Each structure stands twice: as C-alpha cells, then as structure tokens.
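Understanding the architecture of this molecule
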Amino acid sequence: MRSSHATAPVPTVPHRSRTSAPSQTEGTAMVDTQPTTGAGGSGVRTRSQHQRRKRIVQAAAALASRGGVEAMQMRTVAERAGVALGTLYRYFPSKMDLVVAVVSEEIDLLESSIERRPPSAGTAAGRAVDVLMRATRGLMREPELADALIRSLIMAEVDTPFGDRMAGLLLRVSAAGLTAESATDEQLALTGSLASVWVHELLEMLRGRRTYEQIQHRIEIAASRLLADFG
C-alpha cells in the first residue's frame, strides 16, 4: 500500500470519528437470522443483529483507516469487533462484502450531512460540486481508508452501491429532488458520469498527482458541462 498522499486543506466537516467498538465476546455458533418467537422477541433480536453488524463495520473501517485494505483481515476484524469468526462470515461472506458495507456507511454519513445542511448554490452544477467536495474532504480526513475503499471498489467482484448511490444523491441535489425512478436515462447517465469523474480525480489525489484545489477546479468544469441542462 502506497504510504504517501497529497495533503489537502480540510475545513471542518461533520464526520464521525473512527473508534473501535467495545470488546464483547460471543459464542462460536453462527448468528441465527430467523426471527424469534414470543412477544417482543423479534424486535430484540433485530436490534441485537443491527448493533452487532454495525460494530463489525466500525471495526473494519477503523482497521482500514490505519493500514489500508490489507489490515482489514477477516479474523482481525472479528477480534476487534468482539465476535466469533463464524459470526462475521454469516454477516459478510467475503472481505469485499465488508468493504461494500463500509462504503455504504460512508455514503450514509454523507447523505446525513446533506440533509442537515443542503447545498445552497443557485445552479445544479454548483450544488453537485458542493456535495462532491464535501465527500472529498470527508474521505481525505482518513486517506488510508479512502485509498482502501476506492481501490477495492475498482477491483470489486461483487455488486457495489457506490456509483448508483452517488449518482442518486447528485440527482436529488442537482434537480430539486429528482430520483432515479423519475429521471430520464440521459439524466442518470450524466450524473453517473460526474460521479465517475470524481472517483478518478480522487484516485489521482491519493496518488499525489492532484491537489485539493485542482480536484475542485476539474469537478467544477465537469459539472458545468454535464449538468448544464439541469437548471
């Protein structure tokens, strides 16, 4: 894993800290994903499963943020999350499934930030740039994690939600709440292309070939051209 990376000026952006989950030893039996019977049993089991899954994802993200994807070994993740290895595989059959889950959590955090503080630019391109540069600042707070996630997704052998979710987010902020279901094929293609440009530029930054300012300038150009007809 490449250790050097570009240093970007990072304004304060809402982003949760990487803290390891509390150690909690579990049995070696795999988690039963079937609902329990009895009043309240299903709800308790569901909450427990959700908390356990979240603990696993947080442990994986914490490891990746320090040592890249190589540090995100399944056994190490299980130990850090305080679960049995069999339990981990029940939730995430492969490391790539775990990487996808970490990516999904990062997008959840970005979407929450957008909901709390929507972009205020007067143009679709300006709002899209706001979203993408917020994402850039958030990821660059932890360059090892960003490097691990982006590179792993490029080589992914499983379906990932990354591109579709970023394109959907760009649709919503660029075109006043437009969704993937109501957008035209052209609109989907244009926002998807802008998301792809951003991923490429982020990779170049991680390789030390772009500065934060250069990325913003290129994203602004791409957004102004691709979203010119969005209003």
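Residues numbered from 1 in each chain as written. Predicted model: local features only at pLDDT ≥ 70, side-chain atom pairs only at ≥ 80, totals over all residues. Heavy atoms only, no water.

Under an unreviewed UniProt entry, the protein chain has the name AcrR family transcriptional regulator and belongs to Thermocatellispora tengchongensis.

Quick word on the environment of Q214
Tracing the sequence through the fold places Q214 in helix 9 (residues 212–226). Judged by relative accessible area, which is 38%, Q214 ranks as partly exposed. Placed 13 residues apart in sequence, Q214 and E201 show a C-alpha to C-alpha distance of 8.9 Å. (Helix = DSSP H or I, 4+ residues; strand = E, 2+ residues; numbered from the N terminus. Buried < 20%, exposed > 50% of the residue type's maximum accessible area, 1.4 Å probe, protein only.)

Examining the UniProt feature "DNA-binding region" (unreviewed entry) in the protein chain
Here the UniProt feature "DNA-binding region" (unreviewed entry) sits at residues 73–92. Helix makes up 75% of residues 73–92 and strand 0%. Its end C-alpha atoms lie 12 Å apart. (UniProt positions renumbered as here; feature names shortened; annotations may be inferred.)

Observations concerning the pattern of salt bridges
Note that side chains of opposite charge can pair when their charged atoms are close. Enumeration according to the criterion identifies nine salt bridges in this entry. Ionic pairing is found between D130 and R134, a salt bridge with its closest N-O pair at 2.6 Å. Here the residue D130 and the residue R134 both occupy positions in helix 5 (residues 124–140), the gap between them amounting to four residues, near one helical turn. The class of R134 is buried, set by a relative accessible area of 2%. Measuring nitrogen to oxygen at the nearest pair gives 3.9 Å for the salt bridge that ties E204 to R210. The exposure class assigned to E204 is buried, which follows from its relative accessible area of 7%. Judged by relative accessible area, R210 falls into the buried class, the value being 13%. (Salt bridge = Lys/Arg side-chain N within 4 Å of Asp/Glu carboxyl O.)

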